[in-house]
Amino acid sequence: MHCRQWNGKPYYSLDCYLKQQFGEKLYKIAIDGGMTCPNRDGTKGRLGCSFCSEGGSGDFAVPRGITGECLSPVPGHNAPVYHDLTYQAGIVMRQIDEGIRRLKDSRKYCGDRYIAYFQSYSNTYAPISYLRPLYEEALSHPLVAGLSIATRPDCFTPETYELLATCHQQKPVWIELGLQTMHERTAKLIRRGYPLYCFEETVKNLKECGIPVIVHIILGLPGEAPEDMLETIHYLNTLGIDGIKLQLLHILRGTTLADDWQKGLIAPLTKDEYIAILLDCIAHLSPDIVVHRITGDGPKDLLLAPTWSLHKRDILNTIAHQMKQTHLYQGCLL
């Protein structure tokens, strides 16, 4: 029954959700909002999370300048603090237009409408005077059907929730929160920088505003066994979240994890290990939660390990084959 509801797939994919809600497939345009992160600007820390690249997980985002030039201070270890940001009209429109052009150049078909994805760093980490025109510019683009805003749960104020609710009345707005794990011991190890109760409070506030919440988790974090990762899935099932991104741990050049990997202190999951854990997570995931991702893309120029993750089509085909062979589907083990 569920597979029929999900267009024949054994899990509730983002593609299925978009076709149900919008009547067509929408592609994301990853853009850089020019913000930094409290875990990089000295508020919480300066090194960032141990797995996060210098690009703030926005390595695939369209540069703020079409040719890559800096149009505002670029976040980094010596990043401008929260109040130093100045909105520059037109910068979001240019990134969206450039992202659409790139998609059209790389695909035979890429749809007629798009999701503006604020991806780099923490995209609610700015004053309302900066966020409001930034979001409104994206919403005003005639080909943008909605916004997806990636951020941290410790980057919200009452005014932020109010602004998001207002934007959501114009076009759909999603918030993507980087949880990575429910386990505080792992969170400390990866320098996440906020406690679990902060995440829970933010999810609660967003749900009260009617804002869909998508949660990022990483499978294969140092020190976590398969049962620890599964515990995170069970925990998220209780919170009423709307979507999830299941991400393989990538070892990226220039990160603390890269140093540990080069010293032989950590080892990424093998392909077989990852797929086994992933399938178990999907089987225990509430069927109401949209699966936005079941693997991930590591930038080729930054990825150190696991190199098998570069063969994304092969991974997806293997996942689909194993789910079919074992008659496994989302939520079947709940």
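For clarity, every value in this text was computed on a predicted model and none was experimentally measured.

Here we take up the environment of Val 173. Looking at the element boundaries, Val 173 is found in strand 4 (residues 173-180). A residue is classified by how much of its surface remains accessible, and Val 173, at 0% relative accessible area, is buried. Each C-alpha atom, one on Val 173 and one on Gly 210, is 9.5 Å from the other, the two residues being 37 residues apart in sequence. With near-sequence residues (within four places) excluded, Val 173 lies in contact with Leu 147, Ile 149, Leu 164, Cys 167, His 168, Ile 211 and Pro 212.

Here we come to the packing of helix 4 (residues 128-140) against helix 5 (residues 158-170). A pair of packed helices is characterised by two quantities: the angle between their axes and the separation of those axes. Running from N to C, helix 4 and helix 5 cross one another at 15°; their axes reach a closest spacing of 11 Å. By the criterion of interaxial angle, the relationship of helix 4 to helix 5 is roughly parallel. The crossing of helix 4 and helix 5 is right-handed. Here Ile 128, Leu 131, Arg 132, Tyr 135 and Leu 139 of helix 4 come into contact with helix 5, specifically with Glu 159, Thr 160, Leu 163, Leu 164, Cys 167 and Gln 170. Taken together, the residues that form the contact of helix 4 with helix 5 break down as seven nonpolar, two polar and two charged.

To continue, consider helix 7 (residues 196-208). Counted at 1.5 Å a residue, the expected span for helix 7 with its 13 residues is 18 Å, and the 19 Å between its end C-alpha atoms agrees. Burial in helix 7 covers these residues: Leu 196, Cys 198, Phe 199, Thr 202, Val 203, Asn 205 and Leu 206. Summarising the contacts, the buried residues of helix 7 are in contact with helix 5, strand 4, helix 6 (184-189), strand 5 (213-219) and helix 8 (226-237). Looking one or two places after helix 7, you find Gly 210, whose phi comes out positive at around 80°.

With that settled, consider the packing of aromatic side chains. This structure, assessed with the given rule, holds seven aromatic pairs. For the pair Tyr 12 and Tyr 17, a centre-to-centre distance of 6.4 Å together with 65° between the ring planes defines the contact as edge-to-face. The class of Tyr 12 is buried, set by a relative accessible area of 12%. Taking the ring centre of Tyr 117 as reference, the NZ or CZ of Lys 28 above it sits at 4.0 Å. Its guanidinium or amino end placed over the ring of Tyr 194, Arg 192 lies 4.4 Å from that ring's centre, counting from NZ or CZ.

With respect to the element layout, Gln 330 can be found in the segment after helix 11 (312-325). A distance of 2.8 Å separates a polar side-chain atom of Gln 330 from the backbone nitrogen of Tyr 12. Residues contacting Gln 330, with those up to four places away along its chain left out, are Trp 6, Pro 10, Tyr 11, Tyr 12, Ile 282, Leu 285, Ser 286, Pro 287, Ile 289 and Val 291.

Another aspect to go through is the pairing of strand 5. Counting buried residues along strand 5, seven of its seven residues qualify, which places the element largely inside the surrounding structure. Burial along strand 5 is two-sided: Val 213, Val 215, Ile 217 and Leu 219 facing one way and Ile 214, His 216 and Ile 218 facing the other are all buried. As defined by bridge partners, strand 4 adjoins strand 5 across five bridges and the pair is classed as parallel. Looking at strand 5, one finds that Ile 175 is bridged to Val 213. Bridging between strand 5 and strand 6 (residues 243-248) involves six bridges; their strand directions are parallel. Opposite Ile 217, over in strand 6, you have Leu 246 as the bridge partner. In the classification by handedness, the crossover that spans strand 5, the intervening helix 8 and the parallel strand 6 is right-handed.

Across the sheet, seven strands lie side by side as 1-2-3-4-5-6-8; this open sheet has parallel pairing. Either end of the sheet is taken by a strand with one partner, and the two such strands are strand 1 (27-31) and strand 8 (290-293). Neighbour-to-neighbour, the strand axes of this sheet turn through a mean angle of 25°, independent of strand direction. Its contacts with the sheet place helix 4 against strand 2 (114-118) and strand 3 (144-151), and it is angled at close to 145° to strand 3.

End to end, helix 5 covers 19 Å across 13 residues, agreeing with the expected 18 Å (1.5 Å per residue, within 8%). Those residues of helix 5 that are buried lie in contact with helix 4, strand 3, strand 4 and helix 7.

What follows covers the confidence of the model for the chain. Per-residue confidence for the chain gives a mean pLDDT of 90, with 90% of residues at or over 70. Low pLDDT, under 50, characterises residues 66-80; the predicted model gives this stretch 27 contacts beyond four residues in sequence or across chains.

Attention now moves to the nonpolar core. Among the nonpolar cores identified, the biggest contains 74 residues, and Leu 147 and Phe 199 are the most heavily contacted of them. Examining the composition of this core, we find that eight residues originate from one element, helix 10 (residues 271-283), more than from any other. In contact with Phe 199, other than residues within four places in its own chain, are Pro 153, Leu 177, Leu 179, Tyr 194, Val 215, Tyr 235, Leu 236 and Leu 239.

Cut-off values and rules
- Residues numbered from 1 in each chain as written.
- Predicted model: local features only at pLDDT ≥ 70, side-chain atom pairs only at ≥ 80, totals over all residues.
- Heavy atoms only, no water.
- Helix = DSSP H or I, 4+ residues; strand = E, 2+ residues; numbered from the N terminus.
- Buried < 20%, exposed > 50% of the residue type's maximum accessible area, 1.4 Å probe, protein only.
- Contact = heavy atoms within 4.5 Å.
- Axes fitted to C-alpha atoms, helices over the stretch in contact; angles between N-to-C directions.
- Parallel < 35°, antiparallel > 145°, perpendicular 65-115°, else oblique.
- Left-handed = near helix turned anticlockwise from the far one by under 90°.
- Nonpolar A, V, L, I, M, F, W, Y, C, P; charged D, E, K, R; others polar.
- Expected span 1.5 Å × (residues − 1).
- Phe/Tyr/Trp six-rings, centres within 6.5 Å; stacked < 30°, edge-to-face > 60°.
- Lys NZ or Arg CZ within 6 Å of the ring centre and 35° of its normal.
- Polar contact = N/O pair within 3.5 Å; in protein donor to acceptor, adjacent residues only side chain to side chain.
- Pairing = 2+ DSSP bridges.
- Right-handed = clockwise from strand over helix to strand, strands pointing away.
- pLDDT = per-residue confidence, 0-100.
- Core = buried A, V, L, I, M, F, W, Y, C linked by side-chain atoms within 4.5 Å.

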